[in-house]
Amino acid sequence: MRWLLAAATLIALALATALAVRTLRQRSPPAVTPPVPAELLCADANGRLLPPLPEVTAAPLQLVVDPNVHLLIDGAQPGSSLPEGPHLLEASAPGNEPAKLQLDVDAFTPVLLDVRASSGAVTVLMVGGRCGHCAGAVTNLDLRYRPSAPGDLPHLAKALSAGDWLEAARQLHGIAPTERDAPEPTRLLAVLYAFAGRPTLVRTQLERLDDPPLQAALNRRDALEELKPVRQLQTATARWNATTERFQRLTDRFVAEAPGPLTSLTATFGELSKRFADALEKRDAIGCEAALESANDTLADVVTHLRRLHPDDCAWQRRVTDAL
């Protein structure tokens, strides 16, 4: 695999020189394209740049699901892993408010989902994943009891089934501290903390629960988390080569139409190739991931530029998609 990496680096540097010469011959500024109404955009125009080799970066999935709950992720029964990116999670149980949430998953990061029906609603505890549509975290999360505030477990659970942790926090104001110590409110508070982006507080709540199945799944997730750098290094070269192949296809197919951005892309890839090679030589998983992330971000910017050149030209949009 190392000879492929070295070849990719030489190709990037060679392309930088070739593209620079072409750019000198084509100094005319790019045409300004007026915005196109959304209804006229081609299907490919809003395509998201997917990560290379998603099958090797998938997040392991641990599930603890109430027997009465029917769980779907992206419209299907979940398997043992999820590709990185957003997913639609739907969970229902007879006589309970269903849950419908966006689950965001990072590459390699194990995810635990604890899905239960309680207090009249299905709620989802996420560890390792995030609620993509939930409100952002706030600096001061005030959950203090207020004797005059209305609030109960059914309304708390209903708010959490939709990912509305701000409303759940308002409901919690009306639940006395002595009532919060029971297993059900303890778990619901963990769900709230997860949606609010407070993983340390999630763990604090889970430590208070006597729940062997949940604890066993959490231990498995944590063990897989320890193996994350190993998986990253094992697949780093293959992912870098796949990313480089994308770069080569874009430059080969679009250099005549967009010489400026592709010249810049080539120079950037030459620098990132050196960074990646150095990190791989040192077995530095963090350094490899940083170089890969920068390369994919740079590619995404160029793809966005290419798509905006001809947003209503579906043949052009398909050419961009095919290059990826």
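Not measured: the values here are computed from a predicted model.

(A) Inspection of the pattern of salt bridges at higher detail. Scanning the model with the defined rule gives 14 salt bridges in all. A salt bridge links R116 to D211; its shortest N-O distance comes to 2.4 Å. Here D211 lies in the loop between α6 (199–207) and α7 (212–226) and R116 lies in strand β6 (residues 111–118), a separation of 95 residues in the sequence. For R146, the salt bridge goes to D142, with nearest N and O atoms at 2.8 Å. By relative accessible area, D142 is classed as partly exposed at 25%.

(B) Focus on the packing of aromatic side chains. Counting across every chain of the model gives four aromatic pairs. Pairing F254 with W316 gives two aromatic rings, centres 5.2 Å apart and planes at 70 degrees, and the pair type is edge-to-face. A residue pair is termed long-range when its members are at least 10 positions apart, and F254 in helix α8 (residues 228–254) and W316 in helix α11 (residues 314–323) qualify at 62 residues. For the pair formed by F254 and W316, the shared burial category is buried. By way of ring pairs, the aromatic residues W240, F247, F269 and F276 are connected into one cluster.

(C) Inspection of the pairing of strand β7 (residues 121–127) at higher detail. Counting buried residues in β7 gives seven out of seven residues, a clear majority hidden from the surface. Of the two faces of β7, the one carrying A121, T123, L125 and V127 and the one carrying V122, V124 and M126 are both buried. Alignment of β6 against β7, held across seven bridges, turns out to be antiparallel. In the sheet register, L113 faces β7, and the bridge partner there is M126.

Calculation notes
- Residues numbered from 1 in each chain as written.
- Predicted model: local features only at pLDDT ≥ 70, side-chain atom pairs only at ≥ 80, totals over all residues.
- Heavy atoms only, no water.
- Salt bridge = Lys/Arg side-chain N within 4 Å of Asp/Glu carboxyl O.
- Helix = DSSP H or I, 4+ residues; strand = E, 2+ residues; numbered from the N terminus.
- Buried < 20%, exposed > 50% of the residue type's maximum accessible area, 1.4 Å probe, protein only.
- Phe/Tyr/Trp six-rings, centres within 6.5 Å; stacked < 30°, edge-to-face > 60°.
- Pairing = 2+ DSSP bridges.

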